[in-house]
Amino acid sequence: MVQSKMFGEALPVAFYERDARQVAAELLGKLLCRRGRRGLTVGRIVETEAYLAEGDSASHSFRGMNRRNASMFGPPGRAYVYTIHARQCVNVVTDTVGVASAVLIRALEPITGIPLMQIRRRTKNPLDLCRGPARLCEALDISRNLDGWPLLNAQRLWIAQETTAAKMPVAHSVRIGVTSAHDQPLRYFLPDNAFVSGPRTLNRFRERTET
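Since the structure is predicted, the reported quantities are computational estimates derived from the model, not experimental observations.

Engineer: Kindly report on the side chain of Arg34, identifying the contributing residues and their values.
Structural biologist: By the secondary structure assignment, Arg34 is in strand 2 (residues 31–36). Classification of Arg34 as buried rests on a relative accessible area of 7%. Separated by 3.0 Å, the side chain of Arg34 and the backbone oxygen of Asp141 make a polar contact. Polar contacts involving the side chain of Arg34 include one to the main-chain carbonyl oxygen of Arg156, which spans 3.5 Å.

This is the structure we're talking about:
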């Protein structure tokens, strides 16, 4: 396990065995960690979106299981990585086996391995490294070969609690970039964080809640 002044252990399966909306809110402030051949890259999760198993036409599981979305159907605590426009996006699978729900990681605040992220993203602008689901996958080298990967051990890809983390306020809004069920308030983010994606108007007019 990775344990240091910053990193705790990988989150247990019990964290993921819950409704996607709860997981999406509580993932904020956690650390997405990726260890590859070139080193360790870590970002603090600042924005997520929940995708539900029932009544959610924007979810990849809405029309049932297929080869592309099989990981969404469980078990919980695994990665669901899909390709869109030749780029990858990473989700965490939630709830129980057979309940196809997941949380999309939309944005990170870069923490560790920033020079490596800059090389992969071909930019030195910190705001362009992990602000958006495809960008963060490129920065952390998350590809389809990690689809179905268990996030429960500190190997290759996992999510950890930041040991010094304090309780953070959480805001939510409608989702971004979907053509169906776009009016659902299932996007969660840390207010006033520069690394959150999306239009400023959406982030400005928000309803705040507390975790």
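Here the narrative resumes, following the displayed structure.
Engineer: I'd like a description of the packing of aromatic side chains, backed by residues and values.
Structural biologist: Two descriptors summarise a pair of aromatic rings, namely the distance from one centre to the other and the angle between the planes of the rings. One pass over the structure, following the stated rule, counts two aromatic pairs. Ring centres of Phe15 and Tyr16 lie 5.3 Å apart, and the angle between their planes is 85°; on these two criteria the pair is classed as edge-to-face. Judged by relative accessible area, which is 10%, Phe15 ranks as buried. Here Tyr16 falls in the buried class, since its relative accessible area comes to 0%. Ring geometry for Tyr80 against Tyr82: centres 5.5 Å apart, planes inclined by 35°, an arrangement best described as tilted. The exposure class of Tyr80 is buried, given its relative accessible area of 1%. The exposure class assigned to Tyr82 is buried, which follows from its relative accessible area of 10%. If you follow Arg18 out to its NZ or CZ, it ends over the ring of Phe15, 4.8 Å from the centre. Taking the ring centre of Trp149 as reference, the NZ or CZ of Arg156 above it sits at 4.6 Å.

The rules behind these values
- The written sequence of each chain sets the order in which its residues are numbered from 1.
- In keeping with the model being predicted, local features are shown solely for residues with a pLDDT of at least 70 and side-chain atom pairs are shown and tallied solely at 80 or more, while totals for entire chains, interfaces and linings include all residues.
- Side-chain numbers here rest on the full set of heavy atoms in the structure, without hydrogens or water.
- Under the scheme used here, helices are H or I runs from DSSP no shorter than 4 residues and strands are E runs no shorter than 2 residues, and both carry numbers assigned from the N terminus.
- Accessible area is worked out with a 1.4 Å probe on protein chains only. A residue is then buried under 20% of its type maximum, exposed over 50%, and partly exposed in between.
- Here a polar contact is recorded for every N or O atom pair within 3.5 Å, except that within protein the pair must consist of a potential hydrogen donor and a potential acceptor, and residues adjacent in sequence are included only if both atoms are side-chain atoms.
- Note on ring pairs: Phe, Tyr and Trp rings are taken, using the six-membered ring of Trp, and paired if centres are within 6.5 Å. Classes follow the plane angle, with under 30 degrees stacked, over 60 edge-to-face and the rest tilted.
- Only lysine NZ and arginine CZ atoms are considered, and such an atom sits over a ring when it is within 6 Å of the ring centre and within 35 degrees of the ring normal.

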